[in-house]
Amino acid sequence: MNDDVVSLLGKEAESLLQHQCKAIPKESIILPSPDYIDNTFSATDRPPAVLRNYQSLLSAGRLAGTGYMSILPVDQGIEHSAGATFAPNPIYFDPQNIIELAIEGGCNAVASTLGGLGAVSRRYAHKIPFIVKLNHNDAMVYPSSYDQRLFGQVRQAYDMGAIGIGATVYFGSESSRRQLQEISEAFRQAHELGMVTVLWCYLRNDGFTTDAGDYHLAADLTGQANHLGVTIQADIIKQKTAETNGGFKAVKVGKTHSKVYDELTTEHPIDLGRYQVANCYMGRIGLINSGGASTGEGDLAEAVRTAVINKRAGGMGLISGRKAFQRPFAEGVELLQAIQNVYLDEGISIA
């Protein structure tokens, strides 16, 4: 095992690296593997071109042939504003540098906006797999409100040579029903064209924050969001790492079961992650976790910690953006490769 990983995990090293999941044992889930497409994904109803493009995604970058993926996502220029996103490192106002970071960093793919990827697609679409993020929250709405709207069409992503599309649904929001309908249709079109589909399954509702705490990162609620995502045939689920549980009970929304909390999960972060994986058809559809916001000096340790939790829970990889591009180029490359090293390390096993 890489000593750097142990050092970065600090006091949590033993807990995160030695923990064994007993609630949902590893034998119950379908694990990422070099033959994932042949043995698992080929059983789906996806057209052969989707299988080919998915395989090309898993065959790119430093993690090629492992069954894991590392993706650089840069859509925050719309989601948060270009100034808030790129002022820390202005070279990334130019999308060419975003793609160069993904290539140099050894990523399987780069996920970004229709305009950003389209601006340089003829130079790069054949060098690294493109995933076009098609919907966004428009940060210019005043007073502030949150709603994902389509900024482009599936055919535009296909025409620029992208292997897949990405989209967000704000589960729990007032607009989630419309978003589900829009993205379900977009995913249907993408599959017809042979493209892979990635869904950001994010929770957003003020009611998910109660006097007892914030449940936007609860394992039970995020797990259900994952389950809705795979239902509309997302091929890859992107979800934030679970930090708590008991959202259904605290918010008093929907239905749950006592066994979710008494038998299927514990308070351990890897067990919470395992429950997220279970809601992706027991790992039949891959789960990638978000790298989260950049907080400064602790970014490398946080990224490695998230990668360890994802891998040991049975996830398929990490999609980390701000931690990589909101710092000097060489440091961004180092961070991306530190994440990948977790998935390359045979000493870090499935819990």
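Since this is a predicted model, take the numbers as computed values, not measurements.

(A) Spotlight on the sheet that holds strand 3 (residues 130–133). Strand order in the closed barrel made by the eight strands is 1-2-3-6-7-10-11-12, with parallel pairing throughout. Strand-to-strand, the axes of this sheet are offset by a mean angle of 25°, without reference to chain direction. Strands strand 6 (164–171) and strand 7 (196–203) of the sheet are contacted by helix 11 (residues 176–192), whose axis makes an angle of about 165° with strand 6.

(B) Looking closely at the side chain of His19. Position of His19 relative to the elements: it lies in the loop between helix 2 (13–18) and helix 3 (36–39). The class of His19 is buried, set by a relative accessible area of 17%. One polar contact links His19 to Asp271, side chain to side chain, over a distance of 3.1 Å. In this structure His19 touches Glu14, His268, Ile270, Asp271, Arg312 and Ala351, once residues within four positions along its chain are discounted.

(C) View of the pattern of salt bridges. This model, assessed by the stated rule, comprises 14 salt bridges. For the salt bridge of Lys133 with Asp75, the shortest nitrogen-to-oxygen distance reads 3.7 Å. Pair noted here: Lys133 is in strand 3 and Asp75 is in the loop between strand 1 (69–74) and helix 5 (76–79), with a separation of 58 residues, a long-range link. With respect to class, Lys133 is no different from Asp75; both count as buried. One salt bridge in this structure joins Arg178 and Asp147, with 3.1 Å as the shortest N-O distance. In this pair, Arg178 is assigned in helix 11 and Asp147 in the loop between strand 4 (135–137) and strand 5 (148–150), connecting sequence segments 31 residues apart. For Arg178, a relative accessible area of 22% gives the class partly exposed. A relative accessible area of 17% places Asp147 in the buried class. Within the structure, one salt-bridge network assembled from shared partners comprises Asp147, Arg149, Arg178 and Glu182.

(D) View of the pairing of strand 1. For strand 1, the buried fraction is high: six of the six residues fall into the buried class. Here strand 1 shows two buried faces, one formed by Met69, Ile71 and Pro73 and the other by Ser70, Leu72 and Val74. Inspection of the sheet shows strand 1 paired to strand 12 (residues 317–319) by three bridges, in the parallel sense. Across the sheet, residue Met69 finds its bridge partner in strand 12, namely Gly317. Relative to strand 2 (residues 109–113), strand 1 runs parallel, the two sharing four bridges. Each residue of the ladder has a partner; that of Leu72, found in strand 2, is Val110.

(E) Spotlight on the packing of aromatic side chains. As enumerated under the stated definition, the model contains seven aromatic pairs in all. Taking the centre distance of 6.1 Å and the plane angle of 65° together, the rings of Tyr92 and Phe325 count as edge-to-face. Taken together, the positions of Tyr92 in the loop between helix 6 (82–86) and helix 7 (95–104) and Phe325 in helix 17 (residues 322–325) put the pair 233 residues apart, joining distant regions of the chain. There is no split in this pair, since Tyr92 and Phe325 are both buried. Ring-pair connections join several aromatic residues into one group, and the members of that group are Phe86, Tyr92, Phe93 and Phe325. For the cation-ring pair, Arg204 lies above Tyr170, with the distance from its terminal atom to the ring centre recorded as 4.5 Å. Directly above the aromatic system of Tyr261 lies the positively charged group of Lys249, at a separation of 4.2 Å from the ring centroid.

What counts as what
- Residues numbered from 1 in each chain as written.
- Predicted model: local features only at pLDDT ≥ 70, side-chain atom pairs only at ≥ 80, totals over all residues.
- Heavy atoms only, no water.
- Pairing = 2+ DSSP bridges.
- Helix = DSSP H or I, 4+ residues; strand = E, 2+ residues; numbered from the N terminus.
- Axes fitted to C-alpha atoms, helices over the stretch in contact; angles between N-to-C directions.
- Contact = heavy atoms within 4.5 Å.
- Buried < 20%, exposed > 50% of the residue type's maximum accessible area, 1.4 Å probe, protein only.
- Polar contact = N/O pair within 3.5 Å; in protein donor to acceptor, adjacent residues only side chain to side chain.
- Salt bridge = Lys/Arg side-chain N within 4 Å of Asp/Glu carboxyl O.
- Phe/Tyr/Trp six-rings, centres within 6.5 Å; stacked < 30°, edge-to-face > 60°.
- Lys NZ or Arg CZ within 6 Å of the ring centre and 35° of its normal.

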